[in-house]
Amino acid sequence: MKKKPDQNSRRKFIKNVSVAATGFFIVPRHVLGRGFIAPSDKLNIAGIGAGGKGESDLSEFSKSPAANVIVLCDVDDRSAANSRKRFPNAKYYKDFREMLAKEGKNIDAVSVSTPDHTHAVAALAAMQMGKHVYVQKPMTHDIYEARILTQAARKYKVVTQMGNQGASFDGVKKMQDWYKAGLIGDAVDIRCWTNRPVWPQGFGKPTGKEEVPPELDWNLWLGPTAWEEYHKGFVPFNWRGYPSFGTGSLGDMGCHIIDPAFKTTGLGYPSEVECSAVDLYEQMWNPAYHPDSFPAASSLKLKFPGKNGKPDCILHWVDGGLLPDRPEELLPNELMGDDGGGAIITGTKGKMMCGTYGNNAMLLPTERSKEVNVPQVTKRVPEGHYIQWVNACIAGYGKNELSSSFDYAGPLTESILMGNLALRSWNIKEGKGFPGRKKLLWDAENMKITNYDPANQFVRRTYRDGYKFEL
């Protein structure tokens, strides 16, 4: 009786023969020329959102010889015009769902740069097809979405990066080195601020029905959010100020300004949040009530429990032109942060400060920065935030370190959106009172406010028919 061949040995034999045979047809890369990248080694990218920030994102990716932008998707032909000229061979779609269905076999990765309300549904759809994703900040519109995308990255084993490019700048890395060296001790207080909003905010949504421009598919622009009539006050930029679409000043800049402190100090999930917001008076003694808009200015306080015996840390946020108190260590004529905002970290032994995106990082007093020399233990990103992601995608899941993968960006985004949950709860009106104006206690594991249930409506939203968000 003939012995049955070993299947593993057979597979190994076939694989070796195939590799050997293929070797006769592969031309060594150096023969083709220095810098040549074989088509099989390129990253084929689709851009969902080709105008505005999407335009600049795609431009940055294309600076890598390994990146190949082959598909564009945008609901507004006007916004997509420049990208379509820049990538004339790229196929063009208006509906990201159609694009993924038809181009899924041709693309390796997807960049999502839509208004905030569409980030999560577009990103998850791509991830479920095994596509790597780069998603503009904030990662999601809602807390629940951030948690699910973080889990999805692990489940589908895809390379992820949030578009807070300052996370790859040297300033943030320098602050991490200072903190690891113990120069300021353990963080106990963080102050963050921004000059946003620089768009209309706090006055309520525009009203009335206007004619939709022929180049814009308004139904697709609304995407997963509830239907409402088009108004030119929403597109292309001012949607940021309205909770239906955007995430306000905090969502727009928090991922840039809070990130240096969050990453440096290793914060996790907050345990409580409280806020206050400016009132606008349209009549004497009668403040305007606009729950459909984020406030013109606000103040937030989040508590982060200490880890491994470390002290708790309180993070303060102000926007709308408000500023925190100047540190005593900062001289009267020295600039606090920069024109866009900044962050100050107070520890048990000292303080450090930076501007927007972690720029101009310094110890306080500022002269101390010139005197200190600590080992550089935090890896720098000379290639930049965009190319870092491109290279990581080509290397494969889990191979390369990223500055803002969803494992990190998810908790950061959740913490930021916790501030928005507080601001929206601030405007819950029952009878003549506003019971939401209290400290909110957060059960991070279960994503639930434990002492005021009406606030939980802002943890997770529902979606229009035709859109789904299920892991």
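All values derive from a computational prediction rather than experimental measurement. (Residues numbered from 1 in each chain as written. Predicted model: local features only at pLDDT ≥ 70, side-chain atom pairs only at ≥ 80, totals over all residues. Heavy atoms only, no water.)

K.L.:
So what's going on with the sheet that holds strand β12 (residues 313–318)? Which residues, and what values?
P.N.:
Pairing within the open sheet is mixed, and its 9 strands lie in the order β15-β14-β13-β7-β12-β11-β8-β16-β17. Two strands lie at the open edges of the sheet, namely β15 (362–364) and β17 (448–449), each paired on one side alone. When strand β8 (residues 272–277) meets strand β16 (residues 440–443), the two strands line up antiparallel, connected through 2 bridges. Paired with V273 across the bridge in β16 is L440. Packed onto the sheet, helix α10 (residues 248–265) meets β7 (187–194), β11 (298–304), β12, β13 (341–347) and β14 (351–355) and runs at close to 150° relative to β7. (Pairing = 2+ DSSP bridges. Helix = DSSP H or I, 4+ residues; strand = E, 2+ residues; numbered from the N terminus. Contact = heavy atoms within 4.5 Å. Axes fitted to C-alpha atoms, helices over the stretch in contact; angles between N-to-C directions.)

K.L.:
Which residues make up the environment of N238, and what values do they have?
P.N.:
Residue position: N238 is located in the loop between α9 (218–222) and α10. N238 sits 10 residues away from G248 along the chain, and the two C-alpha atoms are 9.7 Å apart. When near neighbours in sequence (up to four residues on either side) are disregarded, N238 contacts W199, P200 and G233.

K.L.:
Just give me the short version of the pairing of β8, but keep the residues and values in it.
P.N.:
Where β8 meets β11, 6 bridges bridge the pair, whose relative direction is antiparallel. Each residue of the ladder has a partner; that of E274, found in β11, is K301.

K.L.:
Account for the pattern of salt bridges, with residues named and values stated.
P.N.:
What the rule picks out here adds up to 23 salt bridges. Between K63 and E60 there is a salt bridge, with the nearest N and O atoms lying 3.0 Å from each other. The exposed category is assigned to K63, whose relative accessible area is 56%. Residue E103 is joined to K91 by a salt bridge in which the shortest nitrogen-to-oxygen separation is 3.5 Å. Here the residue E103 occupies a position in helix α5 (residues 96–103), and K91 occupies one in strand β3 (residues 91–93), the gap between them amounting to 12 residues. Judged by its relative accessible area of 3%, E103 falls in the buried class. Counted as one network, the salt bridges with shared partners bring together K137, R196, R240 and D252. (Salt bridge = Lys/Arg side-chain N within 4 Å of Asp/Glu carboxyl O. Buried < 20%, exposed > 50% of the residue type's maximum accessible area, 1.4 Å probe, protein only.)

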